[in-house]
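Next come the chains, spelled out residue by residue.
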Amino acid sequence: MTPYTLYGAEISYYTGKVRAFLQWKGLPFVEILATGDVYRQFIVPRVGFAVIPVLTTPEGATLQDSTDIIEALDRRHGEPSVFPAGGVQRLASVLLELYGDEWLLIPAMHYRWHHNREWALRAFGALNAPEASPEEQLELGSRRAAPFAQAAVLLGGAPHMQAAIERSYEDLLAELNTHFAEHPYLLGGRPSIGDFGLYGPLYAHQYRDSASGALMRRLAPHVVAWVERMQQPPAPGSGDFLPCDTLPPTLLPVLRRMMREQMPVLEDTAQRLSTWLAEHPGTPVPRTLGKHGFTLEGEHGERIVRPYALWMLQRVRDIYRALKPMERTQADQLLDAIGGNTFRDFQDPPRLVRDGMSVALAPA
Ligand SMILES: N[C@@H](CCC(=O)N[C@@H](CS)C(=O)NCC(=O)O)C(=O)O
């Protein structure tokens, strides 16, 4: 089979998500390091903006966005799928994909830029100019990484929030450590889309960045073992989700955390986007819509409003709405158990499509 080509990097959150999927699915691929030249000569001309990961198919089509890439390839290559057939498991797994993709950016960026800064600058320099000297790489990394380094604060990591971010992340590690002591993956013996979503931050930042990796090894050895299973799947394409659409009880604290931390922000984002759309008819939606407040571990911070997250939430809501009556009842019991009222009663904004790293109104 002609291979896929993945343009990405080891330090990249969403590249890790796609790479692990390709490996588990047993799809042949070659990975091309996204150096400065590769961005200039391939990524920007093909995609229109600078981003990784990008994937090209054997037929030469270009796909961008880890969520779309995985969905398209999973559909194309069929079973075994990373989307569970059982409705409750499917819902839980896409909720956790959304949590990993959009919310765990906060600790991932905070730890990278506030605890692993020089390490990360050197890694960015090495990526952009693999042949340069270490001093040149550090200097180049400092220039190239500036927007990413700023993002740590824009996403919510201002100094007064950092202790809360660390408390939340360390507690999440403890919850996942308990879970992975009993189960190889989130839903049993096979990775689901939720595993790939969590793996982005937990591999590319929290396992690989030097100080963060030491923290994970000290606090959560079972999470380390899961990261390594995801990195090198012992048996690609095999294993089963737990039978009868059940969720392991050890996953409930993680889902509760997601509902408590992220859902209020999504709710406010939806309100702001709906207002913005009404006030700016016909205008492309920017990547960020100002700032709003958020609460973590009882502390109040500010962060940029990201409409993109609502496109991911819309996919989750579509899955919830499409559940069969029996599954819907069980899903509602799950939502009761995890504090999921806001999700169940969500005031959906107008129908959206993804537009690069932002969203647009879906065509009528
Ligand atoms: N939602 C996108 C996010 C991709 C993304 O943010 N990639 C990062 C690297 S891990 C990037 O290239 N960011 C460029 C930017 O934020 O301008 C996905 O899932 O692929």
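No experiment lies behind these values; they were computed from the predicted model shown.

Reading guide: rules and limits
Residues numbered from 1 in each chain as written. Predicted model: local features only at pLDDT ≥ 70, side-chain atom pairs only at ≥ 80, totals over all residues. Heavy atoms only, no water. Helix = DSSP H or I, 4+ residues; strand = E, 2+ residues; numbered from the N terminus. Rg over C-alpha atoms; globule rule 2.2 N^0.38 Å. Buried < 20%, exposed > 50% of the residue type's maximum accessible area, 1.4 Å probe, protein only. Domains from an automatic or database assignment. Contact = heavy atoms within 4.5 Å. Buried area = accessible area lost by both parts, 1.4 Å probe. Salt bridge = Lys/Arg side-chain N within 4 Å of Asp/Glu carboxyl O. Core = buried A, V, L, I, M, F, W, Y, C linked by side-chain atoms within 4.5 Å. Near = heavy atom within 4 Å. Polar contact = N/O pair within 3.5 Å; in protein donor to acceptor, adjacent residues only side chain to side chain. Areas by Shrake-Rupley, 256 points an atom, 1.4 Å probe, with all protein chains shown as cover. Nonpolar A, V, L, I, M, F, W, Y, C, P; charged D, E, K, R; others polar.

**Some details on the overall build of the chain**
Helix and strand counts for the chain stand at 17 helices and eight strands. Relative to the 2.2 N^0.38 estimate, which gives 21 Å for 364 residues, the radius of gyration of the chain is 20 Å and therefore close to what a compact globule would have. Oriented by its inertia axes, the alpha-carbon framework of the chain measures out at about 60 × 50 × 45 Å. Here the chain, with 364 residues, has 55% of them falling under the buried criterion.

**Things to note about the domain arrangement of the chain**
Under the domain assignment used here, the chain contains domain 1 (4-77), domain 2 (87-250) and domain 3 (260-361). Here the C-alpha centre of domain 3 lies 22 Å away from the C-alpha centre of domain 2. Taken together, the contact between domain 2 and domain 3 spans 27 residues of the former and 30 residues of the latter. For the pair domain 2 and domain 3, the summed buried area comes to about 2,700 Å², and 67% of that belongs to carbon and sulfur atoms. Remark: the boundary between domain 2 and domain 3 carries three salt bridges. The shortest N-O distance in the salt bridge between arginine 167 and glutamate 297 comes to 3.7 Å.

**Describing the environment of leucine 247**
Topologically, leucine 247 is positioned in the loop between helix 12 (221-231) and helix 13 (252-261). For leucine 247, a relative accessible area of 17% puts it in the buried group. Between the C-alpha atoms of leucine 247 and proline 325, which are 78 residues apart in sequence, the distance is 18 Å.

**Things to note about the nonpolar core**
Grouped together as the largest cluster of nonpolar side chains are 117 residues, with contacts concentrated most on Trp226 and Phe343. Apart from residues no more than four positions distant in its own chain, tryptophan 226 is found in contact with Phe180, Pro184, Tyr185, Asp195, Leu198, Tyr199 and Leu202.

**A word on helix 13**
Within helix 13, seven of the ten residues are buried, which leaves the element mostly enclosed by the surrounding structure. Residues Leu252, Val254, Leu255, Arg257, Met258, Met259 and Glu261 constitute the buried set of helix 13. The secondary structure elements touched by the buried residues of helix 13 are helix 4 (87-103), helix 9 (162-182), helix 14 (263-279), strand 5 (291-296), helix 16 (325-337) and helix 17 (341-344).

**Quick word on the site of the ligand**
The environment of the ligand is formed by 13 residues, the closest being Ser12, Ile52, Ser66, Arg287 and Tyr308. A distance of 2.5 Å is found between an oxygen atom of the ligand and a side-chain nitrogen or oxygen belonging to serine 66. Arginine 287 places a side-chain nitrogen or oxygen 3.0 Å from an oxygen atom of the ligand. Computed on the free molecule, the ligand has an accessible area of 510 Å², of which 82% lies beneath the protein chains in the complex. Here the residues of the shell around the ligand are counted per class, giving nine nonpolar, two polar and two charged. Of the domains in this structure, domain 1 (4-77) and domain 3 (260-361) are the two that each give at least three residues to the shell around the ligand.

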